[in-house]
Amino acid sequence: MTQPGPATLWTPPDSAFSDSALARFALANGFDPRRYDELHGWSVSRRDEFWDALWDFTGVLGDKGDVVEQPPRTEGADLDQLPSLRHGRMFGTRYFPHGRLNVAENLLRGEPGRLAVLAADETGIHTRLTVAQLRGRVAAVQAGLRAAGVGEGDVVAGILPNTVENLTTMIATLSLGAAWAGCSPDFGVAGLVDRIGQVAPSVVVAAQSYAYNGRDFDVRAKAEEVVARLGTAPDLVLVGSPRWDEQFTDETSALTLERFPFDAPGLIMFTSGTTGLPKAIVHSAGGVLLQHLKEHVLHGDVRPGDVHSWFTSTAWMMYAWVVSVLAAEAAVVLIDGNPSPRLPDGTVDCGHLWRMADDAGLTHFGTSPRYLSGLMDAGYAPREHHDLGALRSVLSAGAPVSAEQYDWLYAEVKRDMVFASICGGTEIHGCFQLGSPLHPVRRGEITCVALGHAVSVLDDRGAPVVGEKGELVCTEPFPSMPLTFLGDGGLRRYHDTYFAERPDVWTHGDLAELTPRRSVVVHGRSDTTLKPNGVRIGTAEIYRVVDQRPEIAESLVFGHTARTDEEVVLCLVMAEGHELTPGFTKELKADIRAQASPRHVPAHVFAVSEVPYTLNGKKVEGAARTAAGGGTVKNEASLANPGSLHEFRALFA
Ligand SMILES: CC(=O)CC(=O)O
């Protein structure tokens, strides 16, 4: 019987059901690889067995101890005011409470001669490092950090572009049992102070400059100003300075890899809300490693010797995520600069990342819908210009991928490959929904719910629903849940962000739909859900239609309260050579009516010159809505282009 649903764009070959790591993992644990739902059911109901088996299957280097324990969390006096949380099933669970490992030991594993790192800039790949060479570089930075006094429990912050030095400094920090807080050098001073100021680093490692679109940008003055403004006088080390050259580059230094508690702080990530300071989320070293190994080895089918890229800044969670392929004995491609650089004649080089893919023998290409839209709008077809023979998978994160982008990937990149739209977030340093080597890829749908995550979609009654939009929740604990947020009342703020709405159930903030096929469609963030006439609409439902039009370069949707009802507002940045005319608006509204519904048709369509993006490249609908409503956008320092809000302020003024 054929299953109803959207078109199938790729079907797993029979061999995947015996050869892929996911199939072997299923078989090793007594499951039929063709029955993923049973494997998934086990992974969320017998969680201790699942995470234990995953540790062994992925060969984590460390001492495992017992798998799971549920003691009350006792750190943080504010917990006394939250007695119910101390016994919560989600909030109270600790995985591998006696486990010990060193993340660096896991990232630096494998044959010394195997390729570990390829580093590229806007001119292509310029550096290749084997495991042995990477170990040498990490040993050198470890010696420098140690000399600067960094040890277990400290924090090191980075203001670095996506270079080998960022990688070695992050791994060296983790090797010492310290936590890493990575920021990108294109952040403004205020954005850097908002972030680094929360983590009290003992050392800040910064670049002297970074390059973008063929131009060099100086970072020194900015880094010095940030450090001066912190008030805690951290030690500032500039890459390439005489001190760096003397103390951080001796590759004959002995690398020490002491093991630290599984749930010691490892990565501090920042999420930019639209109010207040960005949240500083503390993740455990071991929880993130295990989560990433699951995602790479089982869901991504990353094998030893594979080569994985992700175009990301050093501040986005996808940076540490892709670096973790090292623990699966694959190589990582670090990409610095503009993914589609401007050429001297002013044209855009759409082939840059694809040439690099051929040059690297890339097996996994990580990207975002925004990058894909750029290629589609430019009419660029990678398969016409590039071999891509080694490519087995394209992955995308950052925003929902439209059905047309699925079509384009299979038509214009490669027919025989797994496309995986993956979705989760910084707050879990991983994904609730992923790809799989054992599932068909269906147009516009995220392939499956990730192993180890008890994901449901709840309607307004709080009842689990299938085939309907609702709140995406996770009802059971998992190892990559944050430890806490930094700052006063951190545990309470952590609780209030994810558990206030439903006690002891993680409410993720996505408006999603679980299909009868157990695939997932994400319709947008729930805090930007529109409710014209009370009907729940995710912004992605409108982007899906609008983004198909080549006349439109960028779009932004938000709700505007008019009298008692909420009206849908659509703002467009028109592509070069196009104008927003009444005729075009009419056509677009007709498209939205036909392809979405009459409820989705915007009440207002405006042309703007740019839309607000976060420093990590995500559209910020909330800031636009606040600005258009005459409110104060509190977190402008988290925006890459705060100046864009001027136009939004004027829309209804
Ligand atoms: C995996 C993700 O969900 C990444 C993101 O969107 O921030």
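These numbers come from a predicted model, not from an experiment. (Residues numbered from 1 in each chain as written. Predicted model: local features only at pLDDT ≥ 70, side-chain atom pairs only at ≥ 80, totals over all residues. Heavy atoms only, no water.)

K.L.:
Any chance you could break down the pattern of salt bridges for me, citing the residues and the numbers?
P.N.:
One pass over the structure, following the stated rule, counts 35 salt bridges. Here Asp32 ties to Arg35 by a salt bridge, and the two come within 3.9 Å at their closest N and O atoms. The partner of Arg549 in a salt bridge is Asp591, and the shortest N-O contact between them spans 2.9 Å. Taken together, the positions of Arg549 in the loop between helix H20 (539-546) and strand S31 (552-562) and Asp591 in helix H21 (residues 582-595) put the pair 42 residues apart, joining distant regions of the chain. (Salt bridge = Lys/Arg side-chain N within 4 Å of Asp/Glu carboxyl O. Helix = DSSP H or I, 4+ residues; strand = E, 2+ residues; numbered from the N terminus.)

K.L.:
Give me the sheet that holds strand S30 (residues 520-525): which residues, what numbers.
P.N.:
Taking strand neighbours across the sheet as the criterion, the four strands line up as S26-S27-S29-S30 in an open arrangement whose pairing is antiparallel. Both outer strands of the open sheet, strand S26 (455-458) and S30, are each paired with one neighbouring strand and no more. Going across the sheet, the axis of each strand differs from the next one's by a mean of 45 degrees, ignoring polarity. Bridge count for strand S27 (residues 469-474) against strand S29 (residues 506-514) is five bridges, and the pairing is antiparallel. Directly across from Lys469, in S29, lies its bridge partner Glu513. On the sheet, H20 packs against S27 and S30 and is oriented at approximately 100 degrees with respect to S30. (Pairing = 2+ DSSP bridges. Axes fitted to C-alpha atoms, helices over the stretch in contact; angles between N-to-C directions. Contact = heavy atoms within 4.5 Å.)

K.L.:
Summarise the site of the ligand; cite the residues concerned and give the values.
P.N.:
Surveying the vicinity of the ligand reveals the residues Trp316, Met317, Met318, Ala397, Gly398, Cys423, Gly424, Gly425, Cys431 and Lys618. The separation between an oxygen atom of the ligand and a polar side-chain atom of Trp316 is 3.0 Å. Within the backbone of Gly424, a nitrogen or oxygen atom sits 2.9 Å from an oxygen atom of the ligand. In isolation the ligand has 240 Å² of accessible area, and contact with the protein removes 95% of it. Put simply, the parts of the chain that give the shell around the ligand at least two residues each are helix H14 (317-323) and strand S22 (423-425). The greatest single-element share of the shell around the ligand, amounting to three residues, is contributed by S22. (Near = heavy atom within 4 Å. Polar contact = N/O pair within 3.5 Å; in protein donor to acceptor, adjacent residues only side chain to side chain. Areas by Shrake-Rupley, 256 points an atom, 1.4 Å probe, with all protein chains shown as cover.)

K.L.:
An account of the packing of helix H2 (residues 21-28) against helix H4 (residues 47-57) is requested, with residue identities and associated values reported.
P.N.:
Two numbers describe how H2 lies on H4: the axes approach to 11 Å, and their chain directions differ by 125 degrees. The orientation of H2 with respect to H4, classified from their angle, is oblique. The two elements H2 and H4 cross, and the hand of that crossing is right-handed. Between H2, through Ala21, Arg24 and Phe25, and H4, the contact on the second element is made entirely by Phe50, Ala53, Leu54 and Phe57. Each residue belonging to the contact of H2 with H4 can be placed in one class, and the counts come to six nonpolar, no polar and one charged. (Parallel < 35°, antiparallel > 145°, perpendicular 65-115°, else oblique. Left-handed = near helix turned anticlockwise from the far one by under 90°. Nonpolar A, V, L, I, M, F, W, Y, C, P; charged D, E, K, R; others polar.)

K.L.:
Quick rundown of the environment of Val325? Include the residues and the values.
P.N.:
Relative to the helices and strands, Val325 is located in the loop between H14 and strand S18 (331-335). With relative accessibility at 0%, the residue Val325 sits in the buried group. In this structure, the C-alpha to C-alpha distance between Val325 and Val302, residues 23 residues apart in sequence, is 7.5 Å. Filtering out sequence-adjacent residues up to four positions away, Val325 remains in contact with His296, Val302, His308, Ala330, Ala331 and Val332. (Buried < 20%, exposed > 50% of the residue type's maximum accessible area, 1.4 Å probe, protein only.)

K.L.:
Tell me about the sheet that holds strand S33 (residues 604-607), and name the residues and values.
P.N.:
Judged by pairing direction, the sheet is mixed, and its three strands sit side by side in the order S31-S32-S33 without closing on themselves. Looking along the sheet, the strands with just one partner apiece sit at the ends: S31 and S33. Averaged over all pairs of adjacent strands, the angle between their axes in this sheet comes to 25 degrees, without regard to strand direction. Of the pairings in the sheet, the one linking S31 to strand S32 (residues 565-574) comprises ten bridges and is antiparallel in character. Bridging from a neighbouring strand, Leu556 pairs with Cys571 of S32.

K.L.:
Explain the packing of helix H10 (residues 189-199) against helix H11 (residues 220-230) to me, using residue names and the numbers behind them.
P.N.:
Packing of H10 against H11 brings their axes to within 9 Å, and their N-to-C directions diverge by 45 degrees. When the axes of H10 and H11 are compared, the pair comes out oblique. At the point where H10 passes H11, the crossing takes the right-handed sense. In contact with Val189, Leu192, Val193, Ile196 and Gly197 of H10, H11 contributes Lys222, Glu225, Val226, Arg229 and Leu230. Of the residues contributing to the contact of H10 with H11, the split by class is six nonpolar, one polar and three charged.

K.L.:
Hey, could you go over unusual backbone geometry for me, with residue numbers and the actual values?
P.N.:
The phi dihedral of Ala233 falls on the positive side, at around 50 degrees, and the residue is not glycine. Counting through the fold element by element, Ala233 comes out in the loop between H11 and strand S13 (235-238). Backbone geometry at Asn533 places phi at a positive 50 degrees, although glycine is not the residue there. With respect to the element layout, Asn533 can be found in the loop between S30 and H20. The exposure class of Asn533 is exposed, given its relative accessible area of 54%.

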